[in-house]
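Listed below are the residues making up each chain.
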Amino acid sequence: MTSPDESPLHCAKNVILNGCAWPKPFEEQLESYRDRMNRQKSVVEEGNDSLEKESPMLLHVVGATDTVNPPEQGRRVCNSFGEDCSELFEHELGHVVPCSPEAIRRYRDFLIASGVLAGPPMS
C-alpha cells in the first residue's frame, strides 16, 4: 500500500472496525487520512459543496480491557480518521465483538445514520 487511494477503505462507504490495533507498517498512510480529510473539509467549508465525501463513515469498537489490541491503539486508529467520519464505541469487555443490547443499538444506529439500513434509530 503506497497511498490512501490504494487502500481498501478508499472505496468503502461504511465500516465497523472492532478491536483494531495501530498498524505500524502502515502508520504513514493511516496518518495521511486525517490530513487528507482536513484538506477536503477546508475546501467544502470554503463553499465548494460539489465535492463528494471521500472518506467512509467508521464505527470504531474498542474494548476497555482488551489485552490483545490495547484500547489506546484503537482510539489512535479512530482519531487518525478525524471526528467528521469516525465514531467511537468503547465497551467494558476485552477483545470480543460485544453483542449486548447497547452494542446492537449502537451498530444499528450507525448503519441507519450512514444509510445502510432504513428505519428509526433505537431508543
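The structure under discussion appears in the preceding block.
Basis of the calculations
- Per chain, residue numbering runs from 1 following the sequence as it is written.
- Reporting in this predicted model follows two pLDDT cut-offs: at least 70 for local features of residues, and 80 or more for side-chain atom pairs to be given and counted; totals over whole chains, interfaces and linings ignore these cut-offs and use all residues.
- Hydrogens and water are ignored here; the side-chain numbers use all heavy atoms of the structure.
- Note on ring pairs: Phe, Tyr and Trp rings are taken, using the six-membered ring of Trp, and paired if centres are within 6.5 Å. Classes follow the plane angle, with under 30 degrees stacked, over 60 edge-to-face and the rest tilted.
- The numbering of helices and of strands both runs from the N terminus, where a helix is a DSSP run of H or I of at least 4 residues and a strand a run of E of at least 2.
- A simple rule labels every residue: compare its accessible area, found with a 1.4 Å probe on the protein chains alone, to the largest value its type can have, and call it buried under 20%, exposed over 50%, or partly exposed in between.
- A side-chain nitrogen of Lys or Arg and a carboxyl oxygen of Asp or Glu constitute a salt bridge if their distance falls within 4 Å.

Following the criterion strictly, the structure yields one aromatic pair and no others. Between F89 and Y107, the aromatic rings sit 6.3 Å apart at their centres with planes inclined by 80 degrees, giving edge-to-face as the arrangement. Taken together, the positions of F89 in strand β3 (residues 86-91) and Y107 in helix α3 (residues 101-113) put the pair 18 residues apart, joining distant regions of the chain. Overall, F89 belongs to the buried group, its relative accessible area being 1%.

Glancing now at the pattern of salt bridges. Per the stated rule, a full pass over the model turns up six salt bridges. Among the salt bridges present, the one from R76 reaches E31, with a minimum N-O distance of 3.2 Å. Of the two residues, R76 is situated in helix α2 (residues 71-81) and E31 in helix α1 (residues 27-45); the sequence distance between them amounts to 45 residues. Given a relative accessible area of 36%, R76 falls into the partly exposed group. The class of E31 is partly exposed, set by a relative accessible area of 39%. Residues joined by salt bridges that share partners form a network here, namely K24, E27, E31 and R76.

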